[in-house]
Amino acid sequence: MATTNRSWNLESFLDSLIVELDKARETLAIKAINKPLTYAVKDVNLEMQLFPSFDGNDVRFVTAQPGQQGASKIAIQLGSITDQQIRKTTKGPTTTEDVSIEVIDEIDDDTKKELRKIGVTSVNDLDKIQKKRVDIEKISNKKVNYGKLANLLNKARRTSNPPVIKNVNFNISRSGTMMQVEGSNLILDTKYTPVAVVNGKLADLKEATKDHLVIDLSNAEVNDEENELVVVSDPFTIYKVKLDLKKKTDESA
Amino acid sequence: MSKYEDEDFIALSSFIKELAQVDYYLEEQFEDKTIAAHVKSVEIESPCQMDVAVDESGNVSIGTIPPMYYVSTSFMPVFHNIKLTIDTELDGNNE
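Scoring rules and cut-offs
- Residues numbered from 1 in each chain as written.
- Chains lettered and ligands numbered in written order.
- Predicted model: local features only at pLDDT ≥ 70, side-chain atom pairs only at ≥ 80, totals over all residues.
- Heavy atoms only, no water.
- Patch = residues over 30% accessible without salt bridge, like charges linked within 9 Å, V, L, I, M, F, W, Y side chains within 5 Å.
- Areas by Shrake-Rupley, 256 points an atom, 1.4 Å probe, with all protein chains shown as cover.
- Salt bridge = Lys/Arg side-chain N within 4 Å of Asp/Glu carboxyl O.
- Helix = DSSP H or I, 4+ residues; strand = E, 2+ residues; numbered from the N terminus.
- Core = buried A, V, L, I, M, F, W, Y, C linked by side-chain atoms within 4.5 Å.
- Buried < 20%, exposed > 50% of the residue type's maximum accessible area, 1.4 Å probe, protein only.
- Contact = heavy atoms within 4.5 Å.
- Buried area = accessible area lost by both parts, 1.4 Å probe.
- Polar contact = N/O pair within 3.5 Å; in protein donor to acceptor, adjacent residues only side chain to side chain.
- Nonpolar A, V, L, I, M, F, W, Y, C, P; charged D, E, K, R; others polar.

Draft legend 1. Highlighting a nonpolar patch on the surface. A contiguous nonpolar patch, built from A:Val195, A:Leu202, A:Val232 and A:Ile238 and spanning about 370 Å² of accessible area, is present on the exposed surface. Along the polypeptide, A:Val195 turns up in strand E8 (residues 195-198).

Draft legend 2. Focus on the nonpolar core. Core analysis: the largest hydrophobic core is formed by 32 residues, its most contacted members being A:Trp8, A:Phe13, A:Leu17, A:Met48 and B:Ile16. Elements represented by at least two residues in this core include exactly helix H1 (10-34), strand E3 (37-54) and strand E5 (72-78) of chain A together with helix H1 (12-19), strand E4 (41-54), strand E5 (60-65) and strand E6 (80-90) of chain B. Each residue touching A:Phe13, except ones within four places of it in the same chain, is listed here: A:Trp8, A:Leu46, A:Met48, A:Ile76, B:Met50, B:Val52, B:Val60 and B:Ile62. By size, the runner-up hydrophobic cluster in this structure holds 17 residues, among which are A:Val181, A:Ala196, A:Val198 and A:Tyr239.

Draft legend 3. Representation of the interface of chain A and chain B within the structure. Chain A puts 39 residues into the contact, and the matching count from chain B is 46 residues. Here chain A packs against chain B, burying approximately 3,800 Å² in sum over the two surfaces, 59% of which is carbon and sulfur. The interface formed by chain A and chain B holds 0 salt bridges in total. There are 14 residue pairs in polar contact (both at pLDDT 80 or more) connecting chain A and chain B. The biggest single contributor to the side of chain A that touches chain B is E3(A), with 13 residues. The residue inventory of the side of chain A that touches chain B, partitioned by class, reads 18 nonpolar, 13 polar and 8 charged.

Spelled out as structure tokens, the structure:
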């Protein structure tokens, strides 16, 4: 149940104000389908009597009640803006390959707040800042440590895009024995060198892409029954696969 | 049941829609001709009472209404101010 005279923050109020204005505009737009003469809301200017309060982190407002004196006045002006202007002045939404900082529990609220202030809302935003060699610690008054944060964000990005193995093939020929692994998100970050270990021995990784791995088994011992492949693709991802050759052969036979 | 303190309050969108109801022609007969005129633009500035309701999750609902009572009382309601500009749209294009 909604209650009045409870304090609210400006963001929630503006969200609601914009939704209300959109509703009114939508109705007028529907009316325009059948009526040649219609009207559109161009600007809304709202002046409100409020009592602001600041708790050290957030500014909140309470609407002045009857009989209350000395309220502050806040004026909100909403003008018309075209879809092209919106595209020019706002960032696109976070994509499925990116991770929003809001969903990462390991980042504390203060750090999230500092990042939002400097326009960083996702892992990709942070990457862009790093590429420009911006000193993020200096900007955030040493509240944000880049190294620690980058690790957390990369870990979160990896968690939301786990490696998936779809198929493993052995290719035995005179030139050597190769293992081909097919799947998705096998290698995500190319700045790390991936490592493959077959039956406890380091194997030569010939090719490593997002959906394809080719491992040279010339130096590895391949057993008829149980084989184990371990791939370390980045500091946050290790995947281990048990390969039972005999069983597979039996099944296919 | 209204989510606002006073059930006479309506959502801000309904309030704006009511104010935008000016889509008619003013017609006048002159000899054998009819002269018609329509409102090109309306600028409304009005005091209004507002009820900002907040639910448990912090979502805000804005209720509003023009001043309801005209009698002076010891506790006067708080009057906020709303200013709207409503423009003509002919066949979807701005004039």
